[in-house]
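Coordinate inspection notes
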Amino acid sequence: MAGELKLLGTWVSPFVTRAKLALHIKGLSYENVEEDLGNKSELLVSSNPVYKSVPVLIHSGNPICESSVIVQYINDAFAGVGPSFLPADPYERAVTRFWAVYVEDKVVNQWARVFRVKTDEERAEVMHQTLEAVEVLEGGLKECSGGKGAFFGGDSIGYIDILLGGLVSWVKATESLSGIKLIDTTKTPLLAAWMEHFCELHVAKTILQDVNAVVEYAKALQARMADAAVNN
Amino acid sequence: AVTHHHRKQKARMGETVKLIGAFGSGFSHRVEVALRLKGVSYELILEDLSNKSELLLKHNPVHKLVPVLLHGDRSVAESLVIIEYINEAFNEPGILPTDPYERAEARFWAQFIDQKFPRFFWMSLWSLDEEARRSVLTEAKQNLSLLEAQLKAKGKRFFGGDSVGLVDIAASALAHWSGVFEQICEVTLLTQEEYPELCKWANRYVNDDTVKQCLPSRDELVAMFTACKEMFRAMAASHK
């Protein structure tokens, strides 16, 4: 399907990283637009009126929003190009989608709360719930990979690997900042192996954010939040 | 590989379909609509959610929630995931658009209705704290306006076009359950004046021939949820 591809995003966003991973796997070229979320462009606001957030993929002038929808769109619109992100069998696709929803609802959305809650106590509770969800996800990895390989997609990466892959630099940054291992070798060995194998891939080396840069970004964010808390 | 897949599909077509659901559950309803739109016969197993069955716990160990679709020896959970499965595992008609862009649009709105929409709408109904209510109400109305605008832009009978599709099914709670909760709370959010297209759509949805067959009556829902009134108010009060 011919047509210009433009990605509105920010370098640090794990959700934008998902879109970049998907585009790269399919071998698609696109114009990368770095947004300043403190000063959103007209294009961003008009392309994503519902959330006004990144990523937004614009294909031949048509915007697609929400990272999981974008990744699925890339898979559908470029079905004949490069590898497919989903298995061919409807049931296996359903299993994949189930675990993709789990990643989003129980891992990502829970973890995101860490940045919104105010007390250390709440933060600890949120992290505890996130870690519990990661342990359940270990079972999901087992089910999806079916013993065929280290990835959710088996011996090659697929939809869930992309969704989770976008978060890897933040997972590593979190460990560096707080000592908390979201993916622990002893508690979730399969996921730990997954992360190792994922990071060895060419696409990961090309696309994933530099961990140190994410750490610096997170520190600056924490400082700003601390300031805001004091001044409110 | 293609022949094997085709044979597997043909074999699947003859297998038993069961749906583990619960009376009054909007999520169960979603799956029933999808099955009926596809002309798939199924056995409905109604759960008592206060006393979950072994069958449910076995087939949805992760969440222990309804609905769960059982197709032969396979089980699928998560209503929107089930709908995509039904769409792909059984023949025409399609519940999702075939065009990739339209499909992405449908998935976007279904997700919006599932993720962003419910909290604000629900809190606007059940929240007694005036201050808390004010901020969620603004957002709830904005969300309704977004859906109204989407319907207007499409200019068709349903979000899915001429017939019920993924987004309509995802929004079924808005079409039917919202009226129930509004009645119990004595608050109206979905007004004809502010959201004429949505109201017309809601009416079309609940009167659709296929939907009607698996829609619990409003009176039954009012009776059922009135009993939960205090619980819902408490939930709204503690929600952050």
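Residues numbered from 1 in each chain as written. Chains lettered and ligands numbered in written order. Predicted model: local features only at pLDDT ≥ 70, side-chain atom pairs only at ≥ 80, totals over all residues. Heavy atoms only, no water.

1. A short note on the overall build of chain A
Across its full length, chain A carries ten helices and four strands. Order of helices (α) and strands (β) in chain A, N terminus to C terminus: β-α-β-α-β-β-α-α-α-α-α-α-α-α. With the principal axes as the frame, chain A shows a C-alpha extent of 55 × 45 × 30 Å. Of all 232 residues assigned to chain A, the portion counted as buried reaches 50%. (Helix = DSSP H or I, 4+ residues; strand = E, 2+ residues; numbered from the N terminus. Buried < 20%, exposed > 50% of the residue type's maximum accessible area, 1.4 Å probe, protein only.)

2. Let's talk about the nonpolar core
Core analysis: the biggest nonpolar cluster contains 157 residues, and L69, L198 and W201 of chain B have the highest contact counts within it. With eleven residues, the top contributor of residues to this core is helix α4 (residues 90-112) of chain A. L198 of chain B has contacts with L144, L147, E148, L151, F159, L174 and L190 of chain B, leaving out every residue within four places of it along the chain. (Core = buried A, V, L, I, M, F, W, Y, C linked by side-chain atoms within 4.5 Å. Contact = heavy atoms within 4.5 Å.)

3. Here's the deal with helix α2 (residues 26-37) of chain B
All names here are of chain B. Counted at 1.5 Å a residue, the expected span for α2 with its twelve residues is 16 Å, and the 16 Å between its end C-alpha atoms agrees. Counting buried positions along α2 gives nine out of twelve residues, so the element sits mostly inside the fold. The complete set of buried residues in α2 reads G26, S28, H29, R30, V31, E32, V33, A34 and L35. Near the N-terminus of α2, the side chain that reaches the backbone nitrogen of F27, with its oxygen 3.2 Å away, is that of S25. Residue G39 follows α2 closely and has a positive phi angle near 70 degrees. (Expected span 1.5 Å × (residues − 1). Polar contact = N/O pair within 3.5 Å; in protein donor to acceptor, adjacent residues only side chain to side chain.)

4. Let's talk about a nonpolar patch on the surface
Residue and element names in this part refer to chain B. A cluster of nonpolar side chains, namely F23, L44 and L46, defines an oily patch on the protein surface of about 260 Å² accessible area. Residue position: L46 is located in strand β2 (residues 43-46). Under the relative-accessibility criterion, L46 is labelled exposed at 51%. (Patch = residues over 30% accessible without salt bridge, like charges linked within 9 Å, V, L, I, M, F, W, Y side chains within 5 Å. Areas by Shrake-Rupley, 256 points an atom, 1.4 Å probe, with all protein chains shown as cover. Salt bridge = Lys/Arg side-chain N within 4 Å of Asp/Glu carboxyl O.)

5. Examining the UniProt feature "domain: GST C-terminal" (unreviewed entry) in chain B
Under the local residue numbering, the UniProt record ascribes the feature "domain: GST C-terminal" (unreviewed entry) to residues 99-225 of chain B. In residues 99-225 of chain B, the share of helix is 74% and the share of strand is 0%. The end C-alpha atoms are 40 Å apart. (UniProt positions renumbered as here; feature names shortened; annotations may be inferred.)

6. Here we look at the environment of A34 of chain B
When you line up the elements, A34 of chain B lands in helix α2. When residues no more than four places from it in sequence are discounted, the contact partners of A34 of chain B are I83, I86, I95 and I169 of chain B.

7. Focus: the UniProt feature "domain: GST C-terminal" (unreviewed entry) in chain A
Following the UniProt record, one finds the feature "domain: GST C-terminal" (unreviewed entry) at residues 89-221 of chain A. Taken end to end, residues 89-221 of chain A has its terminal C-alpha atoms 43 Å apart, with 72% of it in helix and 0% in strand.

8. As for the domain arrangement of chain B
All names here are of chain B. Examined at the domain level, chain B breaks down into domain 1 (2-89) and domain 2 (100-237). Distance from the C-alpha centre of domain 1 to the C-alpha centre of domain 2: 24 Å. If you look at the interface, domain 1 gives 16 residues, while domain 2 gives 21 residues. At the boundary of domain 1 with domain 2, total buried surface from both sides reaches about 1,600 Å², with 64% on carbon and sulfur atoms. Along the contact surface separating domain 1 from domain 2 lie two salt bridges. The tally of links from domain 1 across to domain 2 stands at seven residue pairs in polar contact (both at pLDDT 80 or more). Looking at the side of domain 1 that touches domain 2, the elements with two or more residues in it are α2 and α4 (79-89). (Domains from an automatic or database assignment. Buried area = accessible area lost by both parts, 1.4 Å probe.)

9. Things to note about the interface of chain B and chain A
With 30 residues of chain B at the contact, the number on the chain A side is 30 residues. Of the roughly 2,600 Å² buried where chain B meets chain A, counting both sides, 64% is carbon and sulfur surface. In this assembly, chain B and chain A are joined by four salt bridges. Here E88 of chain B ties to R93 of chain A by a salt bridge, and the two come within 2.9 Å at their closest N and O atoms. Across the chain B-chain A interface, the total number found is nine residue pairs in polar contact (both at pLDDT 80 or more). Contributing elements (two or more residues each) for the side of chain B that touches chain A: α1 (2-13), β4 (74-77), α4 and α5 (100-115) of chain B. In terms of residue count, α5 of chain B provides more of the side of chain B that touches chain A than any other element does, ten residues in total.

10. Concerning the sheet that holds strand β1 (residues 17-21) of chain B
Either a parallel or an antiparallel arrangement is found when strands of a sheet pair, and the pairing is made through backbone hydrogen bonds. Residues and elements named next belong to chain B. As summarised here, the arrangement of the four strands in space is β2-β1-β3-β4, forming an open sheet in which the pairing is mixed. Looking at the sheet topology across the chains shown, the edges are occupied by β2 and β4. With strand direction ignored, the average angle separating the axes of adjacent strands in the sheet is 20 degrees. Across four bridges, β1 lies against strand β3 (residues 68-71) in antiparallel orientation. Counterpart to L19 in the pairing with β3 is L69. Contacts from α2 reach β1, β2 and β3 within the one sheet, and its direction differs from that of β1 by about 160 degrees. (Pairing = 2+ DSSP bridges. Axes fitted to C-alpha atoms, helices over the stretch in contact; angles between N-to-C directions.)

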